[in-house]
Amino acid sequence: VSLYECLCLRPPFLAADRETLYRLILTEDPPDARRRNGQIPRALWAVLLRCLEKDPRRRYGGAPELAADLRAFASGAPVRARLPGVARRAVQWVRRHPLASGLLLGAALIAGYALLLVAHLRD
């Protein structure tokens, strides 16, 4: 969070009360720091996201590991942190928004069934 604040000059989450802030921290992805500061390189954004990962197993194992990635970034070497792919982001969204994802799935199934029905009736 401190790295995010240094890069964006504000914390990743703001809320009117503590309960809302905790809900945001636990359920939402941090806003894209690159939209707030277009100077942030992709590799540094990957390091930052790994620091803010919700799943502790996906975060850095400790300060030495984070320091190694920051040193690599500073020297222009590749960092170990990777940005999540489309599939992983989709799975994360579905886990965090089960009602919305269920409704979207239901709508997609109904639309697919309707298309099949229309195609069958045309034959």
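Note: the structure precedes this text.
Values in this document were obtained by computation on a predicted structure and should not be read as measured data.

Thresholds applied
Counting restarts for each chain, with residues numbered from 1 along the sequence as it is written. Only residues with pLDDT of 70 or above have their local features reported here, since the model is predicted, and side-chain atom pairs are shown and tallied only from 80 upward, although totals for entire chains, interfaces and linings are computed over all residues. Side-chain measures here rest on the full set of heavy atoms in the structure, leaving out hydrogens and waters. Within this analysis, patches are made of residues with over 30% relative accessible area and no salt bridge. Like charges are joined at 9 Å or less; nonpolar side chains (Val, Leu, Ile, Met, Phe, Trp, Tyr) at 5 Å or less. Values of accessible area rely on a 1.4 Å probe in the Shrake-Rupley scheme; residue burial ignores everything except the protein chains shown. Basic side-chain nitrogens of Lys or Arg form a salt bridge, by our definition, when they fall within 4 Å of a carboxyl oxygen of Asp or Glu. Secondary structure follows DSSP: runs of H or I at least 4 residues long count as helices, runs of E at least 2 residues long count as strands, and numbering of each begins at the N terminus. For every residue, the accessible area obtained with a 1.4 Å probe (protein chains only) is divided by the maximum for its type, and the residue is called buried under 20%, exposed over 50%, and partly exposed between those limits. A cavity here means a set of 1 Å grid points, computed over protein atoms only, where a 1.4 Å probe fits but cannot escape. A pocket is an open set with protein on both sides within 12 Å along at least 5 of 7 lines, and lining residues have an atom within 4 Å of a point. Grid points are joined across faces, edges and corners, and a volume is the space filled by probe spheres set on the points. In this count, Pro and Cys sit with the nonpolar residues alongside Ala, Val, Leu, Ile, Met, Phe, Trp and Tyr, while Asp, Glu, Lys and Arg are called charged and the others, Gly among them, polar. To qualify as a nonpolar core, a set must consist of buried Ala, Val, Leu, Ile, Met, Phe, Trp, Tyr and Cys residues joined through side-chain atoms within 4.5 Å. Contacts were defined at the residue level, with two residues in contact if any of their heavy atoms lie within 4.5 Å.

Visitor: Which residues make up a nonpolar patch on the surface, and what values do they have?
Guide: On the surface, a nonpolar cluster with roughly 320 Å² of combined accessible area is contributed by Tyr22, Ile25 and Leu26. Following the sequence through the fold, Leu26 ends up in helix H2 (residues 18-27). Since its relative accessible area comes to 64%, Leu26 is described here as exposed.

Visitor: Could you give me a rundown of the layout of surface pockets, with the residues and numbers involved?
Guide: Leftover empty space is mapped by rolling, across the atoms, a probe with the size of a water molecule. Here the second largest pocket is characterised by a volume of approximately 250 Å³. For the second largest pocket, the lining is made up of 14 residues, of which Val1, Pro12, Phe13, Ile25 and Leu52 are closest to its centre. Sorting elements by how many residues they give to the lining of the second largest pocket places H2 first, with 3 residues. Class assignment for the residues of the lining of the second largest pocket results in 10 nonpolar, no polar and 4 charged.

Visitor: Outline the nonpolar core, supporting the account with residue identities and numerical values.
Guide: Of all hydrophobic cores here, the largest spans 10 residues; its members are Tyr4, Leu7, Cys8, Ala33, Ile40, Leu44, Trp45, Leu48, Leu49 and Leu52. Those elements giving two or more residues to this core turn out to be helix H1 (2-8) and helix H4 (42-51). The element best represented in this core is H4, accounting for 4 residues. Other than its neighbours up to four places away in sequence, Leu44 contacts Leu7, Leu70 and Phe73. Counting residues in hydrophobic clusters, the runner-up holds 6 residues, among them Ala46, Val47, Tyr60 and Val79.

Visitor: How would you explain unusual backbone geometry if you had to name every residue and give the values?
Guide: You will see that Leu9, though not glycine, has its phi angle at about 65°, which is positive. For Leu9, the position within the fold is in the loop between H1 and H2.

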